[in-house]
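# Reading the structure
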There are 2 protein chains.
Amino acid sequence: MSSLAVVGTGLVGASVGLAARGAGIDVVLRDASPEHARRAADLGAGRPPAPDEPPADLVVLAVPPERVAGVLRDAQRAGLGRTYTDVASVKAAVAGEALRLGCDLATYVGGHPMAGRERSGPGAARGDLFVGRPWVLTRGDAGDEHVRRVRALVTACGAVPVEAGAEEHDEAVALVSHVPQVVSSLLAGRLVDAPAAAVALAGQGLRDTTRVAGSDPALWTAILAANARPVRAVLEALRADLDRLLGALGHDDDGVRDALARGVEGRARIPGKHGGTPTTYAAVPVVLRDRPGELARVFLEAALAGVNVEDIAMEHSPGQPVGLVELLVRPEAAGRLADALAAHGWVVHR
Amino acid sequence: MSSLAVVGTGLVGASVGLAARGAGIDVVLRDASPEHARRAADLGAGRPPAPDEPPADLVVLAVPPERVAGVLRDAQRAGLGRTYTDVASVKAAVAGEALRLGCDLATYVGGHPMAGRERSGPGAARGDLFVGRPWVLTRGDAGDEHVRRVRALVTACGAVPVEAGAEEHDEAVALVSHVPQVVSSLLAGRLVDAPAAAVALAGQGLRDTTRVAGSDPALWTAILAANARPVRAVLEALRADLDRLLGALGHDDDGVRDALARGVEGRARIPGKHGGTPTTYAAVPVVLRDRPGELARVFLEAALAGVNVEDIAMEHSPGQPVGLVELLVRPEAAGRLADALAAHGWVVHR
């Protein structure tokens, strides 16, 4: 696979272009808006099509889910490429619509790179948006030759190809992506009419649970519409759990505790930083003055101590320009790091 | 207020002790477990009581909510101090139980420092746990002299005193703390029986919404039991929102979009990093190799460029030891930082 056509040069399309260019693949950019395509080209995501542009090895349809099938049909009629794929976050509905519109399903491999950003548009594109992320492929009726081409793109983007059935994919993303989005939005929605004094007490728990509530409503309305059935199934199960907890609340502490314990158990199943089993890191909390250079000095100290900081958590301190940074490190390195920081004057808590 | 007695030397009690000692206040530590008290003393949170220990100016009852009233009664009978306060995350139930047990409510000021950590116990204590955080005071029947003593402690701990009625407090924390906890736990609970392949697709949205689901079930069962009514009210409103969304899902895109838009609106009400109106930062994404020193070098560069990093977000990259760090800075500084990093060889996305 040495030539790629990207149709739709928003965040994902432009990022695919950037990644492919980085891997030495020739990329042609197309968009209903010539200005978007031009902007993506300026970013280095590819080039405009020549007047007699030959078919690309692979065509990526980076358009919203409800538009994929129509664009696929038009692209296939225009002979834009040998193999076609998309990036929509729902798969069964897209394949079903493609079938209905008479697309050639033998050359279409469903795709869904599981990566994203709060910001959208070509200006937010990044060539490494997909690095290390799962990229699901739902081959459907497509032959091996076509699947291989898409896998080559996935690998060129640094992503991890994961094959699945369309329905299996849709149920999975309903659970791990779509329902968390819905729940976050509903929780945040409760703040609209709340007293300002109440919202002023917000802590990290509220911030974490409502972070994704800032997502684009139009985009998510389309996603939820296309994946309504699997999303409904998870939401109804969640509502049943909520009903059960409401029944226990104030009456049956064991019932409440069980629900909370199940949450602990479920959370423990989420993979750790580099995939695989969740890793338990030790946290080394350091008090920082909020001024330029503090973080730099802390990390310099860590580097000098030969300790790799796996992750950090910064606690927000409303009202005072002081922050607490928790440096997450492998447990065996925690003591060494704490000693090094304390020896250089930081306030470290053990 | 120059002398403090801390009853209950867990995370919060020991942290109060550490903070007070840091402010030059004499602190006496008491705990049902002499070993806990000893450990807290070893950490510098205070000293054991003398055989003829005089009453302290202020007694902080840092025990779980369901035990506050009983401990208050015993502490008052023993004349441990002149003024009494607690740190329980529910207030009306505590005051009600105190009344029922015949406590002297004229010398009791309800308190709730809005700070916390995933870890518990004296070993996790930090003297700056409360810095910049709200600390709610529910004075009830207590006189000004007693409220002043508690406010002095709050200030010594670096916290922001906020007066409220007990019911007002309970409704507020139900909304911004207790219900987010419940929701996070229920969402995470859905993962228990999920296929491993589905959970493997977990992204930042799921991680954020289920982060607090790892909290201690026993502690939260007690909190929810003590604040059942306000929590129920919020959960029922949430369930109604969920029902409304389920009714719209797959049928009424406007209804779905409205719910999502309300989430955006609600989230925007959450205060920014240092309180006040939410701040919009610019994100400067930098690609990092996951090895010692990378973060240090990046922050050093930021410092040399005179740019204060307000916050950072590290994206997890399962499968590859490469990370993307988003440095959040004031918008006017973003270009300068990006230029400085790019000039020193980092891959920066604009």
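Just so it is clear, the structure is predicted and the values come from calculations on it, not from any experiment.

Angle between the axes and distance between the axes are the two parameters that describe a pair of packed helices. Residues and elements named next belong to chain A. In contact at an axis separation of 8 Å, helix H3 (residues 68–77) and helix H4 (residues 92–100) are set at 45° when each is read in the N-to-C sense. As summarised for this structure, H3 and H4 are arranged oblique, according to the angle between their axes. The handedness of the crossing between H3 and H4 comes out as right-handed. Between H3 and H4, the residues in contact are Val68, Ala69 and Leu72 and Val94, Glu97 and Ala98, respectively. For the contact of H3 with H4, a count of residues per class yields five nonpolar, no polar and one charged.

Turning next to the packing of aromatic side chains. Summed over all chains, the structure comprises three aromatic pairs over all chains. Relative to Phe299(B), the ring of Phe299(A) lies with its centre 5.0 Å away and its plane at 10°, an arrangement referred to as stacked. Of this pair, Phe299(A) sits in helix H12 (residues 294–304) while Phe299(B) sits in helix H12 (residues 294–304), each in a different chain.

This next bit is on the pattern of salt bridges. For the structure on display, the rule yields 38 salt bridges over all chains. A salt bridge links Glu145(A) to Arg149(A), with the shortest nitrogen-to-oxygen separation between them at 2.8 Å. With Glu145(A) and Arg149(A) both in helix H5 (residues 144–156) and four residues apart, this pair spans about one turn of that helix. The shortest N-O distance in the salt bridge between Asp74(B) and Arg73(B) comes to 3.2 Å. Judged by relative accessible area, Arg73(B) falls into the partly exposed class, the value being 24%. It is possible to trace a salt-bridge network through shared partners that takes in Arg139(A), Asp144(A), Arg151(A) and Glu163(A).

Here is what the cut-offs are and how they apply
- Residues numbered from 1 in each chain as written.
- Chains lettered and ligands numbered in written order.
- Predicted model: local features only at pLDDT ≥ 70, side-chain atom pairs only at ≥ 80, totals over all residues.
- Heavy atoms only, no water.
- Axes fitted to C-alpha atoms, helices over the stretch in contact; angles between N-to-C directions.
- Helix = DSSP H or I, 4+ residues; strand = E, 2+ residues; numbered from the N terminus.
- Parallel < 35°, antiparallel > 145°, perpendicular 65-115°, else oblique.
- Left-handed = near helix turned anticlockwise from the far one by under 90°.
- Contact = heavy atoms within 4.5 Å.
- Nonpolar A, V, L, I, M, F, W, Y, C, P; charged D, E, K, R; others polar.
- Phe/Tyr/Trp six-rings, centres within 6.5 Å; stacked < 30°, edge-to-face > 60°.
- Salt bridge = Lys/Arg side-chain N within 4 Å of Asp/Glu carboxyl O.
- Buried < 20%, exposed > 50% of the residue type's maximum accessible area, 1.4 Å probe, protein only.

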